[in-house]
Amino acid sequence: MDNRVTVQSLNPYISCYICKGYLIDATAITECLHTFCKSCIVKRLETKEGNTCPKCDVVIHRSNPLHGIRLDRKMQDIVFKVVPELQCREVLREKIFCQLKGIPYDRSQNQKGRESEVSENQGQPVDAILDDRVCIQLETKTDALKALNKKYICCSSRTTVNHVKKLVAKKLFRDLEKCCSVDILCNDEILGKDHTLKFIYVTRWRKKDPPLKLYYQPRVDMLGFSGEA
């Protein structure tokens, strides 16, 4: 039995929705995790087309959309591995561009420059942010909702409560739209949807031993529904 996968079958997952080409400097929207070429999404966000995701129309960031995107180096590594000649072509294009503009070419310096443009969180280096992980334990707060089969998760410290709510909705109801029907709590306090795990770990969990324990329950103004794990 031949289990080989063709590059063509992977194209929808490693291509930019805007330019339709393979992802270059893959950059993800933190709210919905859709990924685009960095230059494509930055150009779009700097136009009058608004601050929404080109693919799903979710609001990226109400005041400064560039604060709602981040480089996705793991995705870019995957793209370069799947399409090995792509990285060589991109390096060649950069060299030619630098020669035409009279700019000294330094691949490592150019990479750092691109990362710093997208990096948020008060100018922290992208390496520090991407390597910063928080392990969480998700438990149900009530018998109205079933326990998850997989309750331990390791994710980026910049993951928001809204992402966690979507995960719970996906697992329990098979429907992301029902994320609004769930509250996430830490230390019996309902958390705001824009709070990041790093913020919660520091201000609510107060750096106690991991994992960070979060609980989910039906939204306080909604009763009488249940889900399946």
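Here, every reference points to the structure presented above.
Residues numbered from 1 in each chain as written. Predicted model: local features only at pLDDT ≥ 70, side-chain atom pairs only at ≥ 80, totals over all residues. Heavy atoms only, no water.

J.: Whenever I open this one, the overall build of the chain confuses me. Can you help?
T.: The secondary structure content of the chain amounts to eight helices and eight strands. When each of the 229 residues of the chain is scored for burial, the buried share is 38%. Within the chain, contacts between residues separated by at least 24 positions form 57% of all contacts whose residues are at least 6 apart in sequence. Only carbon and sulfur atoms are counted for the fraction: they give 52% of the accessible area of the chain, which is about 14,000 Å². (Helix = DSSP H or I, 4+ residues; strand = E, 2+ residues; numbered from the N terminus. Buried < 20%, exposed > 50% of the residue type's maximum accessible area, 1.4 Å probe, protein only. Contact = heavy atoms within 4.5 Å. Areas by Shrake-Rupley, 256 points an atom, 1.4 Å probe, with all protein chains shown as cover.)

J.: Hey, could you run me through helix α7 (residues 161-173) in this one?
T.: Quick reminder: α-helices carry 3.6 residues per turn. Residues three or four places apart thus point the same way. Over its 13 residues, α7 runs 18 Å from end to end, which matches the ideal 18 Å to within 8%, given 1.5 Å per residue. Within the sequence span of α7, burial applies to Val-161, Asn-162, His-163, Val-164, Lys-165, Val-168, Ala-169, Leu-172 and Phe-173. The elements touched by buried residues of α7 are β4 (133-140), β6 (182-186), α8 (197-203) and β8 (212-218). One or two positions beyond α7, positive phi appears at Arg-174, with a value near 60°. (Expected span 1.5 Å × (residues − 1).)

J.: Can you help me understand the packing of helix α3 (residues 73-82) against helix α4 (residues 84-101) in this one?
T.: The geometry of a pair of packed helices is captured by two quantities: the angle between their axes and the separation between those axes. Running from amino to carboxyl end, α3 crosses α4 at an angle of 105°, the nearest separation of the two axes being 4 Å. Judged by the inter-axis angle, α3 sits roughly perpendicular to α4. Here Val-79, Phe-80, Lys-81 and Val-82 of α3 lie close against α4, whose contacting residues are Pro-84, Leu-86 and Gln-87. Here the contact of α3 with α4 is composed, by residue class, of five nonpolar, one polar and one charged. (Axes fitted to C-alpha atoms, helices over the stretch in contact; angles between N-to-C directions. Parallel < 35°, antiparallel > 145°, perpendicular 65-115°, else oblique. Nonpolar A, V, L, I, M, F, W, Y, C, P; charged D, E, K, R; others polar.)

J.: Looking at this structure, I do not really get the pairing of β4. What am I missing?
T.: Within a regular strand, side chains alternate between the sheet's two faces. Note that β4 and strand β5 (residues 152-156) share five bridges and pair antiparallel. Across the sheet, the residue bridging to Ile-136 is Ile-153, located in β5. (Pairing = 2+ DSSP bridges.)

J.: Looking at this model, I keep getting lost on the sheet that holds β8. Mind explaining?
T.: In a beta sheet, neighbouring strands are held together by backbone hydrogen bonds and run either parallel or antiparallel to one another. Within the open sheet, the five strands sit side by side as β5-β4-β8-β6-β7. Their pairing is mixed. In the strand order of this sheet, the two ends are held by β5 and β7 (189-190), each with one partner. Here β4 pairs with β8 via five bridges, running parallel. Along β8, the bridge assignment pairs Gln-137 with Lys-213. Taken strand by strand, α7 contacts β4, β5, β6 and β8, and its axis lies near 125° from that of β6.

J.: Help me understand the side chain of Thr-159 in this model?
T.: Mapping Thr-159 onto the fold places it in the loop between β5 and α7. Taking the relative accessible area as the measure of exposure, Thr-159 reaches 15% and is therefore buried. In this structure the side chain of Thr-159 is engaged in a polar contact, spanning 2.9 Å, whose partner is the backbone oxygen of Ser-156. In this structure Thr-159 touches Val-164, His-195, Thr-196 and Leu-197, once residues within four positions along its chain are discounted. (Polar contact = N/O pair within 3.5 Å; in protein donor to acceptor, adjacent residues only side chain to side chain.)

J.: Could you clarify how one ought to interpret unusual backbone geometry in this entry?
T.: Trans peptide bonds make up most of the peptide bonds, and negative phi angles are found at most residues other than glycine. A cis amide bond links Pro-210 to the next residue, Pro-211, at an omega of 5°. One can find Pro-211 in the loop between α8 and β8. At Asp-57, a position not held by glycine, the phi torsion is positive, near 70°. Here Asp-57 lies in the loop between α2 (38-45) and β3 (69-71). Backbone geometry places Arg-174, a non-glycine residue, at a positive phi of 60°.

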